[in-house]
Amino acid sequence: MKVPDIKVTPPGPRAKEIIERDRSYIATTTKSAPVVVKRASGSIVEDVDGNILIDFAAGISVLNIGHAHPKVVEAISRQASQFTHFAGTDFYYEIQATLAERLGKITPGKHRKKVFFGNSGTEANEAAIKVAKSHTKRQMFLAFLGAFHGRTQGALSLTASKAKQRAGFFPTMPGVVHVPYAYCYRCPYKLTYPSCDLYCANIIEDVYMKTVAPPEDLAGVFVEPVQGEGGYIVPPPGWMDRIAKIAKDHGALLIDDEVQSGLGRTGKMWAIEHSDAVPDILTMAKSLGGGLPIGAAVYPADMDFKESGKHSNTFGGNPVACAASLATLDVIEEEGLVARSAKIGEHLAKRLDEMAERYEFIGDRRGLGMMQATEFVMDKHSKKPDPKRRDAIEKDAYQHGLILLPCGDSAMRYIPALNIPRDVLDAGLDVLEECFKRAAT
Ligand SMILES: Cc1ncc(COP(=O)(O)O)c(C=O)c1O
């Protein structure tokens, strides 16, 4: 099969029809490229007009093991033939306990853990908010500018990646204070690592806790170990450890949002494992279900709600999603995908670095493992963000058979499945380079 293979420039006629119906009947959300999928397997997508595209978006970092992995498909159909729902928060079934026990074992820290299951990253973070409040008996949270933790009113109050996400929706949950993230390419304090001595972390104690964030009221610090929607920003060495220490010194919980960065994406099982920090609560979703909706907040058993009815839902821990999750974890283990993400991620980063050298409009290449991005600028000297060029490249890419997804102000993420064959990865990067060439002329 020729990969990619564009027969009619997307969106083709059939795609246009479906997009029209989507626009008529589906709520306005965050649509990106007008790619309409018919079927997908591994890292290859066939659209409704017969085009074959390479997927570097992986369903927003959901398909770490690729589309429709046979083991996941098999696990889903096996479980679906037994029962599809039994309300796992109110009744009992084994597969949910099995998954919870396994998640407790594969997350950092050797203590016994408990898991609250929801259906999304947002719900995992909502659960984390409640666990932190009820355990610490405190009400405030610290989060970071550029953060994305979800869009429901509680999670939205932690999210701060784009003003429009919040505009018109106030009041959100009170008591959240945002602090600049460790964005070294555009250091908000115009300092340079390492001579800055992590000023952006120290300022939490030195300024924020003395002014707007009284530590005795601080329930937790929500942090993405690599900031995702905010632009795929990788903090410098030592930053996460410093944040963890500040939280611990003041009795606040470290809440590690691994919804986008987890399950091998960065070349470690959890992105926080690039540091020595051990989170108090870890939230995950996206790739956990191998394509089915599931989210989880994992925390020490002694932090659990002290009475029944404090938090619950209908679909959390759905048996089919649990089966898909267990199969996904098996695939990650059996195919050695954490190590592969680190290794093939080096190749991805190297090729992006080579392109960054060649093109004046790529200001920064950053990432860990298979969580990579480039930031588009007017020129390397001024570093003025160039979202228009980024958007034009995204369009040119899908028209030539490569599915990309933007992030941040002017960045593009490259997040193929961790098991993408090397030749498919290179074919996608070749398409990307052609797009850069055209953009440069
Ligand atoms: C880091 C992070 N947390 C939470 C969320 C929210 O997850 P969901 O869209 O599954 O609710 C996202 C989604 O992009 C995310 O990237």
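Residues numbered from 1 in each chain as written. Predicted model: local features only at pLDDT ≥ 70, side-chain atom pairs only at ≥ 80, totals over all residues. Heavy atoms only, no water.

Asker: Can you walk me through the sheet that holds strand β4 (residues 113–118) in this structure?
Answerer: The pairing of strands in a sheet happens through backbone hydrogen bonds and is either parallel or antiparallel. Taken in spatial order, the seven strands line up as β4-β10-β9-β8-β7-β5-β6 in an open sheet, and their pairing is mixed. In this open sheet, the two strands that pair with only one neighbour each are β4 and β6 (176–179). On average, adjacent strands in this sheet sit at an angle of 20° to one another, irrespective of strand direction. Pairing geometry for strand β8 (residues 253–257) and strand β9 (residues 281–284), over three bridges, is parallel. For Asp256, the partnering residue across the bridge sits in β9 and is Leu282. Relative to the sheet, helix α4 (residues 94–106) contacts β4, β9 and β10 (295–300), its axis offset from that of β4 by approximately 125°. Where helix α5 (residues 121–136) meets the sheet, its contacts fall on β4, β5 (140–144), β7 (218–223), β8, β9 and β10, and the angle it forms with β9 comes to roughly 165°. (Pairing = 2+ DSSP bridges. Helix = DSSP H or I, 4+ residues; strand = E, 2+ residues; numbered from the N terminus. Axes fitted to C-alpha atoms, helices over the stretch in contact; angles between N-to-C directions. Contact = heavy atoms within 4.5 Å.)

Asker: Quick question: what am I supposed to make of a positive patch on the surface here?
Answerer: Together, Lys130, Lys137, Lys306 and Lys310 make up a region of like positive charge exposed at the surface. As for its placement among the helices and strands, Lys310 is situated in the loop between β10 and α10 (319–334). (Patch = residues over 30% accessible without salt bridge, like charges linked within 9 Å, V, L, I, M, F, W, Y side chains within 5 Å. Areas by Shrake-Rupley, 256 points an atom, 1.4 Å probe, with all protein chains shown as cover. Salt bridge = Lys/Arg side-chain N within 4 Å of Asp/Glu carboxyl O. Lys, Arg positive; Asp, Glu negative; His and termini not counted. Charge placed at Lys NZ, Arg CZ, Asp CG, Glu CD.)

Asker: How should I be thinking about the site of the ligand in this particular structure?
Answerer: The local shell around the ligand consists of Ser120, Gly121, Thr122, Asn125, Phe148, His149, Glu224, Glu229, Asp257, Val259, Gln260 and Lys286. Contacts to the ligand include Gly121, whose backbone N or O atom sits 2.9 Å from an oxygen atom. In this structure, an oxygen atom belonging to the ligand sits 2.8 Å away from a side-chain N or O atom of Gln260. A total of 390 Å² of accessible area belongs to the ligand in isolation, and the protein chains cover 83% of it. Tallying contributions element by element places α5 first for the shell around the ligand, with three residues. (Near = heavy atom within 4 Å. Polar contact = N/O pair within 3.5 Å; in protein donor to acceptor, adjacent residues only side chain to side chain.)

Asker: Is there a simple way to explain the sheet that holds strand β2 (residues 44–47) in this structure?
Answerer: If you trace the four strands from one edge of the open sheet to the other, you get β1-β2-β3-β13, paired in mixed fashion. Where the open sheet ends on each side, the last strands, each with one partner, are β1 (37–41) and β13 (402–403). As defined by bridge partners, β2 adjoins strand β3 (residues 52–55) across three bridges and the pair is classed as antiparallel. Looking at β3, one finds that Ile44 is bridged to Ile54.

Asker: Looking at this model, I keep getting lost on the side chain of His149. Mind explaining?
Answerer: Among the structural elements, His149 can be located in the loop between β5 and α6 (153–156). A polar atom in the side chain of His149 sits 2.7 Å from the side chain of Asp257. Ignoring sequence-local partners within four residues, the contact set of His149 consists of Gly121, Thr122, Asn125, Ala155, Leu158, Thr159, Phe222, Val223, Glu224 and Asp257.

Asker: For this particular structure, what's the right way to read the pairing of β7?
Answerer: If a strand is regular, its side chains alternate between the two faces of the sheet. Of all six residues making up β7, six are buried, and the element is well covered by its neighbours. Alignment of β5 against β7, held across three bridges, turns out to be parallel. Paired with Leu142 across the strands is Val221, a residue of β7. Of the strand pairs in this sheet, β7 and β8 are connected by four bridges, and their pairing is parallel. Along β8, the bridge assignment pairs Gly220 with Leu253. In this view, the connection linking β7 to its parallel neighbour β8 by way of helix α9 (residues 239–249) has right-handed handedness. (Buried < 20%, exposed > 50% of the residue type's maximum accessible area, 1.4 Å probe, protein only. Right-handed = clockwise from strand over helix to strand, strands pointing away.)

Asker: What's the story with the nonpolar core in this structure? I'm lost.
Answerer: Note that soluble globular proteins tend to have their nonpolar side chains buried in a common cluster. Judged by nonpolar contacts, the single largest core of 91 residues is most densely connected at Phe56, Leu103, Phe144, Trp239, Tyr414, Leu432 and Phe436. The biggest single contributor to this core is α10, with nine residues. Not counting chain neighbours up to four residues away, the residues in contact with Tyr414 comprise Phe56, Leu348, Leu352, Met370, Met371, Gln372, Ala373, Thr374, Phe376, Leu404, Leu432 and Phe436. Counting 20 residues, the second-largest nonpolar core is a separate cluster that includes Ala127, Ala132, Val176 and Leu253. (Core = buried A, V, L, I, M, F, W, Y, C linked by side-chain atoms within 4.5 Å.)

Asker: Help me understand the packing of aromatic side chains in this model?
Answerer: The description of two aromatic rings rests on the distance between their centres and on the angle between their planes. This model, assessed by the stated rule, comprises 13 aromatic pairs. Note on Phe361 and Phe436: the rings are 5.8 Å apart at their centroids and 75° apart in plane angle, and the pair reads as edge-to-face. Here the residue Phe361 occupies a position in the loop between α11 (337–358) and β11 (362–368), and Phe436 occupies one in helix α13 (residues 422–440), the gap between them amounting to 75 residues. Accessibility expressed as a relative area gives 5% for Phe361, which makes it buried. The cationic tip of Lys383 hangs over the ring face of Tyr185; the distance from NZ or CZ to the ring centre is 4.3 Å. (Phe/Tyr/Trp six-rings, centres within 6.5 Å; stacked < 30°, edge-to-face > 60°. Lys NZ or Arg CZ within 6 Å of the ring centre and 35° of its normal.)

Asker: What is the right way to read the packing of helix α8 (residues 199–211) against α9 from this model?
Answerer: How two helices sit against one another is set out by the angle between their axes and by the gap between those axes. The interhelical angle for the contact between α8 and α9, taken along N-to-C directions, is 25°, at an axis separation of 8 Å. Taken as axis vectors, α8 and α9 run roughly parallel relative to one another. Of the residues in α9, those in contact with Cys200, Ala201, Asn202, Ile204, Glu205 and Met209 of α8 are Trp239, Arg242, Ile243, Ile246 and Asp249. Looking at side-chain class alone, the contact of α8 with α9 contains seven nonpolar, one polar and three charged residues. (Parallel < 35°, antiparallel > 145°, perpendicular 65-115°, else oblique. Nonpolar A, V, L, I, M, F, W, Y, C, P; charged D, E, K, R; others polar.)

Asker: Could you clarify how one ought to interpret the environment of Lys38 in this entry?
Answerer: Position of Lys38 among the secondary structure elements: in strand β1. Considering only alpha carbons, one finds Lys38 and Ile281, 243 residues apart in sequence, at a separation of 38 Å. Apart from residues lying up to four places away in sequence, Lys38 is in contact with Glu46, Asp47 and Val48.

Asker: Would you mind going over the layout of surface pockets with me for this structure?
Answerer: Remark: the empty space left among the atoms is shown by a probe the size of a water molecule rolled over them. Within this model, the second largest pocket holds a volume of roughly 950 Å³. Forming the walls of the second largest pocket are 30 residues, and the residues nearest its centre are Gly88, Lys114, Val115, Phe116 and Asp304. When residues of the lining of the second largest pocket are traced back to their parent elements, those giving at least two are α4 and β4. In terms of residue count, α4 provides more of the lining of the second largest pocket than any other element does, six residues in total. Split by residue class, the lining of the second largest pocket holds ten nonpolar, ten polar and ten charged. (1 Å grid on protein atoms, 1.4 Å probe; cavity = no way out; pocket = protein on both sides within 12 Å on 5 of 7 lines; lining within 4 Å. Points joined across faces, edges and corners; volume = space filled by probe spheres on them.)

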